[in-house]
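Observations on the model geometry
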Amino acid sequence: MAELHLIGQIVGASGFPSSSLFCKWGVHTGGAWKLLSGLREGQTQVDHPQLGDVAYWSHPIDVHFATKGLQGWPKLHVQVWHQDPFGRRELYGYGFCHVPCSPGWHALACVTWQPLGSWQERLSQLFVGGGPQLLNSDLIYTGADRYRLQTVAAGTVHLELGVLLRHFARYGVEC
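These lines cover the structure that appears in this document, whether it is placed above or below. (Residues numbered from 1 in each chain as written. Predicted model: local features only at pLDDT ≥ 70, side-chain atom pairs only at ≥ 80, totals over all residues. Heavy atoms only, no water.)

Regarding the pairing of strand 2 (residues 21–28)
In terms of burial, strand 2 is largely enclosed, as six of its eight residues are buried. As paired strands, strand 2 and strand 6 (residues 75–83) are joined by eight bridges and run antiparallel to one another. By the bridge assignment, Cys-23 is partnered in strand 6 with Val-80. (Buried < 20%, exposed > 50% of the residue type's maximum accessible area, 1.4 Å probe, protein only. Helix = DSSP H or I, 4+ residues; strand = E, 2+ residues; numbered from the N terminus. Pairing = 2+ DSSP bridges.)

Rendered as structure tokens:
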């Protein structure tokens, strides 16, 4: 079988309204992909930067897949959360990016968004906190109903990924 190995890191995030951020991440693939080693999902630590608005996580990603075809090429999805001094969490953004299909080292910028909600939800968010969240996280990386959502832009998650391809030509899988 053809193999794909991803080695890299979630460097951090910028452009979010406040600090004390952490990131939940996952790799979504189609049915023809088999996980050989590594974790499909994870979570970074909370970073509270003293200067600037950039949160640094340097969270490692090391995932190895085998596949019989290109359908369902991996996508990396992220959720950025804010944690206040009392340990309460608030969603700051959802995002996803396609894993590059060419071998080599890639610097990626994954832009994020958050659901806008109704004017009542926005008013409640202003006074109480929290905010609208997706009931089904599959909407982050599938295009079915995501385009009907009203959203606002959030910050950017920065990633560095090394992509290694093995036996793609031998098994007739063409990139």
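Right, picking up where we left off after that structure.
A short note on the pattern of salt bridges
Within this structure, the stated rule accounts for two salt bridges. A salt bridge links Glu-3 to Arg-166; the shortest N-O distance between them is 3.6 Å. Here the residue Glu-3 occupies a position in strand 1 (residues 2–14), and Arg-166 occupies one in strand 9 (residues 151–166), the gap between them amounting to 163 residues. In this structure Glu-3 comes out as buried when scored by relative accessible area, which is 15%. For Arg-166, a relative accessible area of 46% puts it in the partly exposed group. Between Asp-84 and Arg-88 there is a salt bridge, with its nearest N and O atoms 2.6 Å apart. (Salt bridge = Lys/Arg side-chain N within 4 Å of Asp/Glu carboxyl O.)

Notes on the packing of aromatic side chains
Inspection of the entire model under this criterion finds five aromatic pairs. Centroid distance Phe-16 to Tyr-92: 6.3 Å. Interplanar angle 15 degrees. Geometry classified as stacked. In this pair, Phe-16 sits in the loop between strand 1 and strand 2 while Tyr-92 sits in strand 7 (residues 89–98), placing the two residues 76 residues apart along the sequence. For Tyr-92, a relative accessible area of 10% corresponds to the buried category. Ring-pair connections join several aromatic residues into one group, and the members of that group are Trp-33, Phe-65, Trp-73 and Phe-168. Sitting over the ring of Trp-81, Lys-24 keeps its end group 5.0 Å from the ring centre. Between Arg-89 and the ring centre of Trp-81, over which it is positioned, the NZ or CZ distance is 5.7 Å. (Phe/Tyr/Trp six-rings, centres within 6.5 Å; stacked < 30°, edge-to-face > 60°. Lys NZ or Arg CZ within 6 Å of the ring centre and 35° of its normal.)

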